[in-house]
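# Architecture and fold: a report
Here is how the chains run, residue by residue.
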There are 2 protein chains.
Amino acid sequence: MELAQALRADARRNHDALVMAAAAVFAEVGVDAPIKDIADRAGVGVGTFYRRFPTRADLIVAVFRHEVDRCASEASNLAKEYAPFEALTRWIDRFLDLIITKKGLAAASSSDAPGYAALRAEFETRLVPPLKTLMDAAAAEIRTDVSATELWRAVALLCAPATPDDFDQTRKMVGVLVNGLRTALPGA
Amino acid sequence: MELAQALRADARRNHDALVMAAAAVFAEVGVDAPIKDIADRAGVGVGTFYRRFPTRADLIVAVFRHEVDRCASEASNLAKEYAPFEALTRWIDRFLDLIITKKGLAAASSSDAPGYAALRAEFETRLVPPLKTLMDAAAAEIRTDVSATELWRAVALLCAPATPDDFDQTRKMVGVLVNGLRTALPGA
DNA sequence: TGATAATCGGAATGCCATTCCGTATAAACG
DNA sequence: CGTTTATACGGAATGGCATTCCGATTATCA
């Protein structure tokens, strides 16, 4: 599945070293960390970095791909175990766990800077479809004029400045937003 | 009212020139425009800029102070003319007009970067109190566990990437958020 | 008209992104 | 195994921007 076959052995080594170094640096400093720091930590030059990952977003995608996939895959389980709206809110909570614990990820994923197109595309491809499925399932209870893309974008924006410390406060405001999707009262 | 008396004549001239130049540049490029561009346009050196406005936020505050005040002052009129929740939503709409039409202002005002403390303080001082008044008036219809500060912050975050083109889309998501504050259904 | 304190301008410094190219080497070939 | 060659490497070089610093200027007042 990985298209690594086309890479020369040293190139693959460097690729892997960069992803590992980036994971460490991202955890410490956030996804905005200077490229040089990541390259140094991986023991490669910045030229090598840019050859392997033309944009910072490409690196971010590589670092978090597995976590994103795991988050996406949990949607179907929630859909089976809970009522539609409950499944939706629980999955969004799960999404918050993913995004808030990665310093700067929410801001980066909701950035419209051209360099972050790859990251937006990743979310659009992997996370929006399951979200859409959950929203469709809950269609009877929520506004239908808000698309899944619009919703994740809004959630990401609300999370943009959040750190794990603000988790509860951010969750509250996301809760307000999601509550605003309802067409019926909680008690109904 | 302006504490300009303490300034030497040339200093005051430069101050005013900077504010005017900044207003023009902000309108064209946004509030993130390079300081040098603003200084050039005002015909002063960057040293003069930094002496007069230690942070970019100080300049932003100076440029938009009147508009911010006007927005704040309209809250009381709306409170008189409309039912509480209606007044709240209308004022937030008014706030959107203010913030979305100034390129980068929403992002800057919701930034938690230390350099933007002055801008956050300006909003907190001038806009949050009227918002709180409107929210208090509508207390019977909305959640009471969301503070005025939290609400404006969330609204600003939703507007952060918006341009006048996205106005309708942004307004929609802000509408969802505000709707999520309600404790009763629209029809109730 | 000086004296003096406030101000000015822009060169200098530092940080970071991104590109470029001479050097090195993995891998394919004979 | 050499040889060849397409890939890949590293880090110096370039460019943009923020911010600081200080010798040169100038408003103000006695």
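Rules and cut-offs
Residues numbered from 1 in each chain as written. Chains lettered and ligands numbered in written order. Predicted model: local features only at pLDDT ≥ 70, side-chain atom pairs only at ≥ 80, totals over all residues. Heavy atoms only, no water. Domains from an automatic or database assignment. Contact = heavy atoms within 4.5 Å. Buried area = accessible area lost by both parts, 1.4 Å probe. Salt bridge = Lys/Arg side-chain N within 4 Å of Asp/Glu carboxyl O. Polar contact = N/O pair within 3.5 Å; in protein donor to acceptor, adjacent residues only side chain to side chain. Least-squares fit on C-alpha atoms with pLDDT ≥ 70 in both. Helix = DSSP H or I, 4+ residues; strand = E, 2+ residues; numbered from the N terminus. Buried < 20%, exposed > 50% of the residue type's maximum accessible area, 1.4 Å probe, protein only. Near = heavy atom within 4 Å. Nonpolar A, V, L, I, M, F, W, Y, C, P; charged D, E, K, R; others polar. Phe/Tyr/Trp six-rings, centres within 6.5 Å; stacked < 30°, edge-to-face > 60°. Lys NZ or Arg CZ within 6 Å of the ring centre and 35° of its normal.

## Remarks on the domain arrangement of chain A
Residue and element names in this part refer to chain A.
- Under the domain assignment, chain A is made up of domain 1 (8-53) and domain 2 (64-183).
- Distance between the C-alpha centres of domain 1 and domain 2: 28 Å.
- Taken together, the contacts link seven residues of domain 1 with six residues of domain 2.
- With both sides pooled, the region where domain 1 packs onto domain 2 buries about 400 Å², and carbon together with sulfur makes up 56% of that total.
- Counting across the interface, domain 1 meets domain 2 through zero salt bridges.
- Counting every contact that joins domain 1 to domain 2 gives two residue pairs in polar contact (both at pLDDT 80 or more).

## What about the relation of the copies chain B and chain A?
- Overlaying chain B with chain A gives an RMSD of 0.0 Å, the required rotation being 180° about an axis along which the chain moves by 0.0 Å. The two molecules are tied by a two-fold rotation axis, judged by turn and shift. Distance from the rotation axis, computed per C-alpha, reaches its smallest value in chain B at Gly180(B): 1.7 Å.
- Both copies share a contact surface, since 100% of the interface residues of chain B are interface residues in chain A too.

## Examining the environment of Arg51(A)
- For Arg51(A), the location among the structural elements is in helix α3 (residues 46-52).
- With a relative accessible area of 53%, Arg51(A) lands in the exposed category.

## Considering the environment of Val44(B)
Residue and element names in this part refer to chain B.
- Along the chain, Val44 falls in the loop between α2 (35-42) and α3 (46-52).
- Sequence separation between Val44 and Glu28 is 16 residues; the distance between their C-alpha atoms is 19 Å.
- Not counting the four nearest positions on each side in its chain, Val44 is found in contact with Asn14, Leu18 and Ala39.

## Some remarks on the protein's contact with DNA strand D
- The full set close to DNA strand D counts 22 residues, and Arg8(A), Asn14(A), Thr48(A), Arg51(A) and Arg56(B) are the nearest of them.
- In DNA strand D, atoms within 4 Å of the protein come 64% from sugar and phosphate.
- A distance of 3.3 Å is found between a base oxygen of DNA strand D and a side-chain nitrogen or oxygen belonging to Arg8(B).
- Ala9(B) places a polar main-chain atom, nitrogen or oxygen, 3.2 Å from a phosphate oxygen of DNA strand D.
- Secondary structure elements with two or more residues in the surface near DNA strand D: α1 (9-29) and α3 of chain A together with α1 (9-29) and α3 of chain B.
- Counting residues per element, the surface near DNA strand D draws most heavily on α3(A), which supplies five residues.
- Within the surface near DNA strand D, the residues separate by chemical class into nine nonpolar, six polar and seven charged.

## Side note on the packing of aromatic side chains
All names here are of chain A.
- Evaluated as defined, the whole model comprises twelve aromatic pairs over all chains.
- Ring geometry for Phe95 versus Phe123: centroids 6.3 Å apart, planes at 75°, classification edge-to-face. With Phe95 in helix α5 (residues 84-100) and Phe123 in helix α7 (residues 117-126), the pair connects residues that are 28 residues apart, well separated along the chain. The same class applies to Phe95 as to Phe123, namely buried.
- Grouping aromatic residues by their ring pairs yields a cluster made of Trp91, Phe95, Phe123 and Trp152.
- Directly above the ring of Phe85 sits Arg182, whose terminal nitrogen or CZ lies 3.7 Å from the centroid.

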